[in-house]
Amino acid sequence: MEKIKVVNQSAFNLPCYETSGAAGMDVRAAIKEPVTLQPLERALIPTGLFVELPVGYEMQVRPRSGLAAKHGITVLNAPGTIDADYRGEIKVILINLSNTSFEILPGERIAQLVVSRCEQVGWEPVEVLSETVRGTGGFGSTGGVKELEKK
């Protein structure tokens, strides 16, 4: 297991995996007072966490399915990306997509963090790409969107 250096300036425990098969760790709102999100309002919520990811890794900030399904609260730029050379505080852009206000409480689990390896690539300009069975089939090319386009 890779170890990630972290500074925790929040009043809460570090994020952790809740089950042995979990991919993400829930992160909490490091706020002193509740924040109310009105319908279609967004807010930048601090976590109090600062990380030092090894080169070749990234951290993604993803929505929590429970908040999204029950309250319409999601991460606006999902997934948000934390680069290996970023040293600032991790903050989460939340948006309320419901038609009722929602109160974010101090310490509330607001998103999940997923750490994974990533590669940097270089471009090789060419005139033609190799052929595949799928070819240029894009959105819905395996079903779904084509039915919508007919309507």
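This text goes with the structure placed above it.
Description of the structure in this document. (Residues numbered from 1 in each chain as written. Predicted model: local features only at pLDDT ≥ 70, side-chain atom pairs only at ≥ 80, totals over all residues. Heavy atoms only, no water.)

Brief notes about the pairing of strand β8 (residues 89-96)
As a reminder, the rule being used: Residue burial is assigned from relative accessible area. The probe radius is 1.4 Å, only protein chains are included, and a residue is buried under 20% of its type maximum, exposed over 50%, and partly exposed in between. A run of DSSP states H or I qualifies as a helix once it reaches four residues; a run of E qualifies as a strand once it reaches two. Both are numbered from the N-terminal end. Pairing between two strands requires that DSSP report at least two bridges joining them.
A large share of β8 lies buried, amounting to six of its eight residues. Pairing between strand β4 (residues 42-52) and β8: six bridges, direction antiparallel. When the sheet's bridge partners are listed, Pro-46 is paired in β8 with Lys-91. Sheet topology note: the strand β6 (residues 73-75)/β8 ladder contains three bridges and is antiparallel. When the bridges of β8 are listed, Thr-74 appears paired with Ile-95.

Remarks on the pattern of salt bridges
The test is simple: Salt bridge, as applied in this entry: a Lys or Arg side-chain nitrogen positioned within 4 Å of an Asp or Glu carboxyl oxygen.
In this structure the tally under the stated criterion is three salt bridges. Between Arg-64 and Asp-26 there is a salt bridge; the shortest N-O distance is 3.4 Å. Highlighted residues: Arg-64 in the loop between β5 (57-62) and α1 (65-71) and Asp-26 in strand β2 (residues 25-28), separated in sequence by 38 residues. Judged by its relative accessible area of 17%, Arg-64 falls in the buried class.

Some thoughts on the side chain of Ser-98
Under the convention used in this document: In the analysis that follows, any N or O atom pair within 3.5 Å is treated as a polar contact, provided that within protein one partner can donate a hydrogen and the other can accept it, and provided that, for residues neighboring in sequence, both atoms belong to side chains. Contacts are assigned to residue pairs with any non-hydrogen atoms lying within 4.5 Å of each other.
With respect to the helices and strands, the residue Ser-98 is situated in the loop between β8 and β9 (102-104). One polar contact links Ser-98 to Asn-96, side chain to side chain, over a distance of 2.6 Å. In terms of polar contacts, Ser-98 uses its side chain to reach the backbone carbonyl oxygen of Thr-100, at 2.8 Å. With residues near it in sequence (within four places) discarded, Ser-98 still touches Pro-39, Leu-40, His-71 and Gly-72.

A short note on the nonpolar core
Across soluble globular proteins, you tend to see nonpolar side chains buried next to one another. Stated formally: Put simply, a nonpolar core is a bunch of buried Ala, Val, Leu, Ile, Met, Phe, Trp, Tyr and Cys residues held in one set by side-chain atoms that sit within 4.5 Å of each other.
Counting residues in each nonpolar core, the largest one holds 25 residues, and the members touching the most others are Ile-45, Leu-94, Ile-104 and Ile-110. Mapped onto this core, the elements with two or more residues apiece are β4, β5, β6, β8, β9 and β10 (109-117). With four residues, β4 is the largest single contributor of residues to this core. Setting aside residues up to four positions removed in sequence, Ile-104 forms contacts with Ala-29, Ile-31, Pro-34, Val-35, Leu-37, Ile-45, Leu-94 and Ile-110.

What to know about the environment of Gly-24
Summarising the element assignment, Gly-24 is placed in the loop between β1 (5-8) and β2. Look at Gly-24 and you get buried, because its relative accessible area is 12%. Remark: the alpha-carbon pair of Gly-24 and Arg-62, spanning 38 residues in sequence, is separated by 8.4 Å. Once residues within four sequence positions are removed from consideration, Gly-24 is found in contact with Tyr-17, Gln-112, Leu-113 and Val-114.

Quick notes on the sheet that holds β5
To keep things clear, this is the line we draw: Here the axes come from fitting lines to C-alpha atoms, over the contacting stretch only for helices, and the angles between their N-to-C directions go from 0 to 180 degrees.
The strand order β2-β10-β5-β7 describes an open sheet built from four strands, whose pairing is antiparallel. If you trace the sheet from one side to the other, it starts and ends with β2 and β7 (80-82), each paired once. Neighbour-to-neighbour, the strand axes of this sheet turn through a mean angle of 35°, independent of strand direction. Relative to β7, β5 runs antiparallel, the two being bridged by three bridges. Among the inter-strand pairings, Met-59 is bridged to a residue of β7, identified as Ile-82.

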